[in-house]
Amino acid sequence: MDKSCVLRMEHISKRFPGVLALDSVQFDLFKGEVHVLLGENGAGKSTLMKILSGAYEKDEGNIFIDEHKTEINGPSHAQELGIGIIYQEFNLNPYLSVAENIFLGREPTILPGIIDWKKIYRDAQELLDSLNVDIDSKQIVETLGVAMKQMVEVAKALSLNARILIMDEPTASLSNNEIEALFKTIKKLQTEGVAIIYISHRLEEIFRIGDRVTVLRDGRYINTKPVSDLTKDEMVKMMVDRDLDNHIPKVKADIGDVVLEVENISVKDRLHDISFKLRKGEILGIAGLMGAGRTRLAKTLFGAERIVSGKITVDGIEVRMNSPRDSINAGIGLVTEDRKNEGLILDLSVKQNVCLPNMSKFITNGWINSGKENQAVDQYIDKLNIKTPTRNQLAIFLSGGNQQKVVLSKWLCSDAKIFIFDEPTRGIDVGAKTEIYQLMNQLVAKGVAIIMISSEMPEILGMSDRILIMRNGRIAGELSDSEASQEEIMNYALGEAYEAVL
Amino acid sequence: MKQFFNNQNLDQIRQFGTFFGLIALCLLFTILSPYFFTTSNLLNVAQQSSIIAVISVGMTFVIITAGIDLSVGSVLAFSGVVMASVLHAGLPIPIGIIVGLGVGFSCGLLNGLLVSYGKIPPFIATLGMMSIARGAGLWFTDGRPISGFDDSFRYLATGEIFYIPVPVIIMIVVYVIAHLILTKTKMGRYTYAIGGNEKAAVLSGINIKLYLNIIYGIAGLLSALGAVMLTARLNSAQPIAGIMYELDAIAATVIGGTSLFGGKGTVIGTLIGALIIGVLRNGLNLLGVSSFIQQIVIGSVIIGAILLDTNLKMKKN
């Protein structure tokens, strides 16, 4: 293989409000190789690739393309430099033809403004043929399957003379045959000297087509090694092998009777045969990769998804969850992943948000009883230490941690006995995180049961009494807190252990 | 400074702004015309504004939910002619009024069902209703007005209680009730919640379909109340009544500070908005400005109000 270095990234750092997303990360890429970028959710892979493709600006570090130091000024500049990126969600216009999509914005013209249709279809067809894919360049993109759309994206990147091609989980929604076809295309591109950065969680694939692997963890560079020097276990270890500092203040509560029993719940195409039990005083962690169905499960338990089959029992009584109202009445509260869009009404005040799920409590003779509302809200502001000038402050002006506490207060106020937390500390600074954990401790001490969905390993391992791992809409495994480890969880999430069981 | 811009202060400033705008306008016309600041003229303005003001209350509720109702003018015409025909059939006045209000409420409810269950954008649903109700009114009357009513019915427009015209009293009662609903009841709180963030409202257990139906129903009901007032005033119910009323109602609501993006607004603001439009029309008439130019002025005021809102919004973010 030609070992000339087409790309080198050194000491790349990127800071977002509250987090250091990348901390002095390095990455290099040889001509004609497939270099796998590996890491958990939030390890920094996407951020690094967005910097490379010009979507983000780096804070620190240097990028060398063909050994020349280069500043990438935005997506179109990245294209000019020969960097192409294929996202999981395609950037294609579904109502235009394949050829129009490939040459969008750079259509060949006969006269200014008049497209040379013959040429556009012919050129597009040549590109597609060179990839050995059976697509007619006149076909409308909407009518193509996922794999073919992906090929159109590849053709588009090549038409832009891409020499570096970033593929973000390209096999995520492909069938086995389609994956084979994709791998053939990748091999062909390699022989033509295109270098490929390949992001995937499927370890089997990495062994099949990867030349080298770079692992990122928590925004830091871990190591780069040839694939042939590694085993699956070693890869998993590199991904998750962090020191678990014990700043997570877990206090075990007495675990009591079953409060929630879920039996064989399915949601069309998304969740399959989910069953588990949740006990009083217990924190049940739910781990898994993005798209494994965890948030879907939370929404389902909260009456916001249509259940096709299965049964949900709360305190021994079967409950039909047809709307969030049914779940709220059954004593369930959902602390959503997306506070700003789903948890709060930002233009309403702290008070109005807190009282919203349970207004009936504050109605006397048809009128809102402000005195009662104020009393209740002040109590939560005090207990949860919500930092707000007054109870009438609009939610939009609070910090992330305090907004999260307002969401918590909503469900405390509606007397929930089952709390579902979806990524409870996302976007919250360290101090406020600890406070949220302590509030969870207080809740379980009072006999509340908690389901905690989290992508953060320390959080899952630190706070859970028991852990379920989801994969492809199913429960892939269950671990008690004594047997759980980062490697164990990652194995189930990636599917290794699951397939071993089958 | 930051503290000052925090909170609802900006919205309060906006509200005062509209109020001072109204005062300034009144001062201006007082200086320019000796006839403006007289009791009879001011009562005249209030009376002329009352119908649009009443309709604008329904519009305010709808717009706070991030919707819009383009059908109010047509619904007014349709419920007016149905009520008139009931009265001409010799049925008692209260029955006629109740039937009229029922027609208005039903049209509004249908809008609500299309928006909530049909998932049609409010603009399209009510645009359809605008045409349907107009057509229904014309078809029902064969395009002819229904005229001539008892004095006891006309009292609703011509009567006075303690020197205050009855339409003005109706307007005040509607505003007091609407204000109380919006600020002091569960339904009011839900109205803001739905417009502020529909997803979060659903996930807070609010039955948003039910409340959207009620709110669009109320908008239809208030259009019908407008029809009662207009029919009594003109002594005639016309199938072509209320054309362009939707624009005046939207204008009054928006000038009054209700955000077209939903989640924000007050009926007091809307009342001020309706009065601003009324004062502008009246004052410009007194000054002999042509009705063509009046349209230009009113259009500019609407745009000015929205520009102000957009700028305030940007400042807040």
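Residues numbered from 1 in each chain as written. Chains lettered and ligands numbered in written order. Predicted model: local features only at pLDDT ≥ 70, side-chain atom pairs only at ≥ 80, totals over all residues.

### Details of the overall build of chain A
- Each helix and strand counted, chain A has 18 helices and 24 strands in total.
- In terms of overall size, chain A behaves like a compact globule, its C-alpha atoms giving a radius of gyration of 26 Å where 502 residues would be expected to give roughly 23 Å.
- Reported as C-alpha extents along the three principal axes, the dimensions of chain A are approximately 75 × 55 × 45 Å.
- The buried share of chain A, taken over its 502 residues, is 46%.
- Taking the contacts inside chain A whose residues are at least 6 apart along the sequence as the reference set, 67% of them involve residues at least 24 apart. (Helix = DSSP H or I, 4+ residues; strand = E, 2+ residues; numbered from the N terminus. Rg over C-alpha atoms; globule rule 2.2 N^0.38 Å. Buried ≥ 20, exposed ≤ 12 C-beta atoms within 10 Å, placed from the backbone. Contact = placed C-beta atoms within 7 Å.)

### Re the overall build of chain B
- Along its length, chain B carries 14 helices and 4 strands.
- Whereas a compact globule of 317 residues would reach a radius of gyration of roughly 20 Å, chain B reaches 20 Å, a difference of no more than 12%.
- Taking the principal axes of the C-alpha coordinates as reference, chain B spans close to 65 × 55 × 35 Å.
- Split into buried and exposed, the 317 residues of chain B put 49% on the buried side.
- The contacts in chain B between residues at least 6 apart in sequence include a share of 78% that link residues at least 24 apart.

### Some thoughts on the sheet that holds strand β13 (residues 258–267) of chain A
Residues and elements named next belong to chain A.
- The strand order β14-β13-β16-β17 describes an open sheet built from 4 strands, whose pairing is antiparallel. Edge strands, defined here as strands with exactly one partner in the open sheet, are β14 (271–279) and β17 (317–318).
- Sheet topology places β13 next to strand β16 (residues 309–314); 5 bridges connect them, and they run antiparallel. Bridged to glutamate 261 within β16 is threonine 313. (Pairing = 2+ DSSP bridges.)

### Details of the packing of helix α3 (residues 39–64) of chain B against helix α13 (residues 267–286) of chain B
Residue and element names in this part refer to chain B.
- Two numbers describe how α3 lies on α13: the axes approach to 8 Å, and their chain directions differ by 140°. Comparing the axis directions of α3 and α13 gives the class oblique. Here the hand of the crossing between α3 and α13 comes out right-handed. Contact with α3, carried on its side by Asn44, Val45, Gln48, Ser49, Ile52, Ala53, Ser56, Val57 and Thr60, involves Val267, Thr270, Leu271, Ala274, Leu275, Ile277, Gly278, Val279 and Asn282 of α13 and no other residues of that element.
- Looking at the contact of α3 with α13 residue by residue, the classes come out as 10 nonpolar, 8 polar and no charged. (Axes fitted to C-alpha atoms, helices over the stretch in contact; angles between N-to-C directions. Parallel < 35°, antiparallel > 145°, perpendicular 65-115°, else oblique. Left-handed = near helix turned anticlockwise from the far one by under 90°. Nonpolar A, V, L, I, M, F, W, Y, C, P; charged D, E, K, R; others polar.)

### A closer look at the nonpolar core
- Ranked by internal contacts, the top residues of the largest apolar core, which has 242 residues, are A:Phe419, A:Ile420, A:Ile450, A:Ile489, B:Val54, B:Ala224 and B:Met229.
- Counting residues per element, this core draws most heavily on helix α11 (residues 208–234) of chain B, which supplies 15 residues.
- Setting aside residues no more than four positions away along its own chain, B:Ala224 makes contact with B:Val75, B:Leu76, B:Ser79, B:Gly100, B:Leu101, B:Val103, B:Gly104 and B:Phe105. (Core = buried A, V, L, I, M, F, W, Y, C linked by C-beta atoms within 7 Å.)

### What about the interface of chain A and chain B?
- Taken together, the contact between chain A and chain B spans 26 residues of the former and 21 residues of the latter.
- Going through the elements one at a time, α10 (324–329), α11 (339–343) and β20 (367–368) of chain A are the ones with two or more residues in the side of chain A that touches chain B.
- Here the residues of the side of chain A that touches chain B sort into 16 nonpolar, 6 polar and 4 charged.

### A word on the domain arrangement of chain A
Residue and element names in this part refer to chain A.
- Per the domain assignment, the segments making up chain A are domain 1 (5–240), domain 2 (251–331 + 417–434 + 444–502) and domain 3 (340–415).
- On a C-alpha basis, the centroid separation for the pair domain 2 and domain 3 is 26 Å.
- Contacts between the two partners involve 7 residues from domain 2, matched on the other side by 7 residues from domain 3.
- Class assignment for the residues of the side of domain 2 that touches domain 3 results in 4 nonpolar, 2 polar and 1 charged. (Domains from an automatic or database assignment.)

### Notes on the confidence of the model for chain B
All names here are of chain B.
- This prediction gives chain B a mean pLDDT of 91; 95% of its residues lie at or above 70.
- Of the regions scoring below 50 in pLDDT, residues 1–7 engages in 7 contacts with residues more than four places distant in sequence or in other chains.
- Predicted as a complex, the structure gets a pTM of 0.82 and an ipTM equal to 0.85. (pLDDT = per-residue confidence, 0-100.)

### Some words on unusual backbone geometry
- With a phi close to 55°, A:Asn385 is a non-glycine residue in the positive phi region.
- Among the structural elements, A:Asn385 can be located in the loop between α13 (370–383) and α14 (400–413).
- Phi at B:Asn235 takes a positive value of approximately 55°, unusual for a residue other than glycine.
- Its location among the elements puts B:Asn235 in the loop between α11 and β4 (236–237).
- What makes B:Asn235 partly exposed here is the crowd of 15 C-beta atoms within 10 Å.

### Notes on helix α6 (residues 122–141) of chain B
Residues and elements named next belong to chain B.
- Here α6 spans 28 Å end to end across 20 residues, near enough to the 28 Å set by a 1.5 Å rise per residue.
- By the burial criterion, the buried members of α6 are Pro122, Ala125, Thr126, Met129, Ala133, Arg134, Ala136, Gly137 and Thr141. The buried residues of α6 occupy an angular sector of 160° when projected down its axis, which confines them to one face. Seen from the open side of α6, the exposed residues pointing more than 90 degrees away from its buried face are Ser131 and Trp139.
- Where α6 is buried, its residues touch α4 (72–88), α5 (93–116) and β1 (146–147).
- Positive phi shows up at aspartate 142, right after α6, with a value of about 60°. (Expected span 1.5 Å × (residues − 1). Arc of directions from axis to C-beta.)

### Points about the environment of A:Asn353
Residue and element names in this part refer to chain A.
- Inspection of the secondary structure puts asparagine 353 in helix α12 (residues 350–355).
- For the pair asparagine 353 and leucine 216, spaced 137 residues apart in sequence, the C-alpha to C-alpha distance is 39 Å.
- For asparagine 353, the contacting residues outside a window of four places in its chain are Leu344, Ile345, Leu348, Ala395, Val406 and Lys410.

### Points about the sheet that holds strand β22 (residues 449–453) of chain A
Residues and elements named next belong to chain A.
- Judged by pairing direction, the sheet is mixed, and its 6 strands sit side by side in the order β18-β21-β22-β15-β23-β24 without closing on themselves. Only two strands of the sheet have a single partner each, and these edge strands are β18 (332–335) and β24 (474–480). When strand polarity is set aside, the average angle formed by the axes of neighbouring strands in this sheet is 20°.
- Both β18 and strand β21 (residues 418–422) contribute to a ladder of 4 bridges, which runs parallel. If you follow leucine 334 over to β21, its bridge partner there is isoleucine 420.

### Considering the packing of α4(B) against α11(B)
Residues and elements named next belong to chain B.
- With their axes 8 Å apart at the nearest point, α4 and α11 run at an angle of 55° to one another. If you check the angle between α4 and α11, you find them oblique. Here α4 runs over α11; the crossing is right-handed. Contacts between α4 and α11 pair Val72, Val75, Leu76, Ser79, Gly80, Met83 and Ala84 from the former with Ala219, Gly220, Ser223, Ala224, Gly226, Ala227, Val228, Leu230 and Thr231 from the latter.

### Some points on the pairing of strand β1 (residues 5–16) of chain A
Residues and elements named next belong to chain A.
- As judged from the 8 bridges shared by β1 and strand β2 (residues 19–30), these two strands associate in the antiparallel manner. Residue pairing across strands places phenylalanine 16 opposite valine 19, the latter belonging to β2.
- As paired elements, β1 and strand β4 (residues 60–65) share 5 bridges and run antiparallel to each other. Looking at the pairing, methionine 9 lines up with isoleucine 63 of β4.

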